[in-house]
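Observations on the three-dimensional arrangement
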Amino acid sequence: MLGVAGRTAFGFAATTLAAVALFRAHTRRFFRLTTELKRTHRRAMQLERERDQAQQELWPRLCEERELHQQKIQFQAQLSEYEKYAALAQLALGAAHEINNPLLGILSHLELELKASTDPEQGLEIEQCIAGAKRISATLRGLVNYARPGPLMLSRINLHRLVADTLGYLEGQPLLRGKQVENQVPPDLPPIRADANQLSQVLMNLLLNAAEATVAGGKIAIAADRLTLVDSIEIRVTDTGCGIAPDVLPHVFEPFFTTKRGKGTGLGMSISQAYVRSHNGEIRVDSVVDRGTTVTLTLPIRQVNADSNETEENEVVV
Ligand SMILES: Nc1ncnc2c1ncn2[C@@H]1O[C@H](COP(=O)(O)OP(=O)(O)O)[C@@H](O)[C@H]1O
Ligand SMILES: [Mg+2]
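Here is what the cut-offs are and how they apply
What you see as residue numbers is a count from 1 along each chain, following the sequence as written. To label them, take the chains in the order written and letter them from A, then take the ligands in the order written and number them from 1. In view of the model being predicted, local features appear only for residues whose pLDDT reaches at least 70, and side-chain atom pairs are presented and counted only at 80 or more, with totals across whole chains, interfaces and linings using the full set of residues. To obtain the side-chain values, all non-hydrogen atoms of the structure were included, while hydrogens and water were left out. Residue proximity to a molecule or strand is established when one non-hydrogen atom of the residue lies within 4 Å of it. Residues adjacent in sequence count toward polar contacts only when both atoms are side-chain atoms; beyond that, a polar contact is any pair of N or O atoms within 3.5 Å, and within protein one must be able to donate a hydrogen and the other to accept it. Per-residue and other accessible areas follow the Shrake-Rupley method at a 1.4 Å probe size, with only the shown protein chains counted as cover for residues. Going along the chain from the N terminus, every DSSP run of H or I of four or more residues is numbered as a helix, and every run of E of two or more is numbered as a strand. Charged means Asp, Glu, Lys or Arg here, nonpolar means Ala, Val, Leu, Ile, Met, Phe, Trp, Tyr, Cys or Pro, and polar covers whatever is left, Gly included. A helix's residues, less one, multiplied by 1.5 Å, set its expected span. For the exposure calls, accessible area comes from a 1.4 Å probe over protein chains only, and a residue counts as buried if that area is under 20% of its type's maximum, exposed if over 50%, partly exposed in between. Taken from the helix axis, the directions to the C-beta atoms give the arc we talk about. Contact between two residues is taken to exist if any of their heavy atoms lie within 4.5 Å; hydrogens are not considered. Boundary definitions for the domains trace back to an automatic or database domain assignment. What gets called buried area is simply the loss in accessible area from a 1.4 Å probe that two parts show on being joined, summed for both. A carboxyl oxygen of Asp or Glu within 4 Å of a side-chain nitrogen of Lys or Arg is what we treat as a salt bridge.

Around ligand 1 lies a shell of 18 residues, among which Asn209, Thr258, Thr259, Lys260 and Met269 are the nearest. A distance of 2.9 Å separates an oxygen atom of ligand 1 from a polar atom in the backbone of threonine 265. Within the backbone of methionine 269, an N or O atom sits 2.8 Å from an oxygen atom of ligand 1. Within the complex, the protein chains bury 93% of what would otherwise be the 530 Å² of accessible surface of ligand 1. Of all the secondary structure elements, the ones that give two or more residues to the shell around ligand 1 are helix H4 (196–213) and helix H5 (268–278). In terms of residue count, the dominant contributor to the shell around ligand 1 is H4 (three residues). When the residues that make up the shell around ligand 1 are grouped by side-chain class, the tally is seven nonpolar, nine polar and two charged.

Listed below in structure tokens is the structure:
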């Protein structure tokens, strides 16, 4: 039989065992909770990292999207501009055809009259009529060129020689008298593949504009460089003329826009732009009033997939 001491000892042992069991259970629970806490912490850290990464990826995407949106607006504006010009071009082609035929009849009739005329005063009047009719005809030709540039006749062009030849046409013209004109195109520039006739017309238009804007004593120069990164050639026609006012500048490529009332056709720049674009190139104007103007053409050295009639591979045409 257990005495009081035995019962007490038994009770103590039982209590101790119960306490130990409880302690173990708590300890196990504690470790389980700690492990779970660590796992949750790791998961939270991973989620945070993922969030940071997503944020990092999101920002450039947002910028990209904003840029795309701006590009879309630009393209839409360009498209509506092209549509406007396409409609204008169709109209111009129709009108040019309708006007040109009777005009040629009038011209040949006037020339016959001039030959037959013996009165000098009447002769002068007829000559003025002929000059007017020729001017209309030249404007119409310009219009047709603008509306429907012919297919590109590509050839390898030595730019230095093309510029020299174009300047040669203008030599002795009263418009260039007293003005310094320089061909600064390096003779060893790599040849470019382009339509020599169209390119020469563009240079001629730009040179005429430069000459018209420059007074005697002024300077006109054509320079060119190779842009190796984009495999293009940059041609700059620079003058020290009157410059273009900021409110005029955005309009210079519009067909028929001219500030030379009664003298200009307003087609030189728009035709030049059409020709440059048909070469997949770009044309830009920078100008400072009373300082001068620089027109910059950027033309690819090669023409990829051009819808064109090409001349011999190694032929250098000027
Ligand atoms: N180099 C230049 N210096 C000053 N103004 C220029 C120059 N080039 C072009 N312009 C301006 O652009 C307008 C349009 O030029 P263009 O299309 O060649 O037509 P046009 O010469 O018949 O007026 C000109 O009337 C002129 O106001
Ligand atoms: Mg002009």
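Before going further, it helps to examine helix H3 (residues 159–170). Helix length check: H3, at 12 residues, gives a terminal C-alpha distance of 17 Å against a target of 16 Å (1.5 Å per residue), a fit within 8%. For H3, every residue scored as buried is listed here: Leu159, Leu162, Val163, Thr166, Leu167 and Leu170. Along the axis of H3, the buried residues cluster in a sector spanning 130°; they form a single face. Packing partners of the buried residues in H3 comprise strand E1 (152–157), strand E2 (180–183), H4, strand E4 (219–227) and strand E5 (232–239).

So, on to the side chain of threonine 298. For threonine 298, the position within the fold is in strand E7 (residues 292–300). Once residues lying within four places of it in the same chain are set aside, the contact partners of threonine 298 are Leu227, Ser232, Ile233, Gly281 and Glu282.

With that settled, consider the domain arrangement of the chain. One frequent convention defines the size of an interface as the accessible area lost when the parts assemble. Entries for the chain in the domain assignment read domain 1 (1–148) and domain 2 (153–310). On a C-alpha basis, the centres of domain 1 and domain 2 stand 33 Å from each other. At the boundary of domain 1 with domain 2, total buried surface from both sides reaches about 960 Å², with 63% on carbon and sulfur atoms. The tally of links between domain 1 and domain 2 comes to zero salt bridges. Our count for the domain 1 to domain 2 interface comes out at one residue pair in polar contact (both at pLDDT 80 or more). Elements supplying a minimum of two residues to the side of domain 1 that touches domain 2: helix H1 (4–116) and helix H2 (120–147). In the side of domain 1 that touches domain 2, the residues fall into five nonpolar, three polar and one charged.

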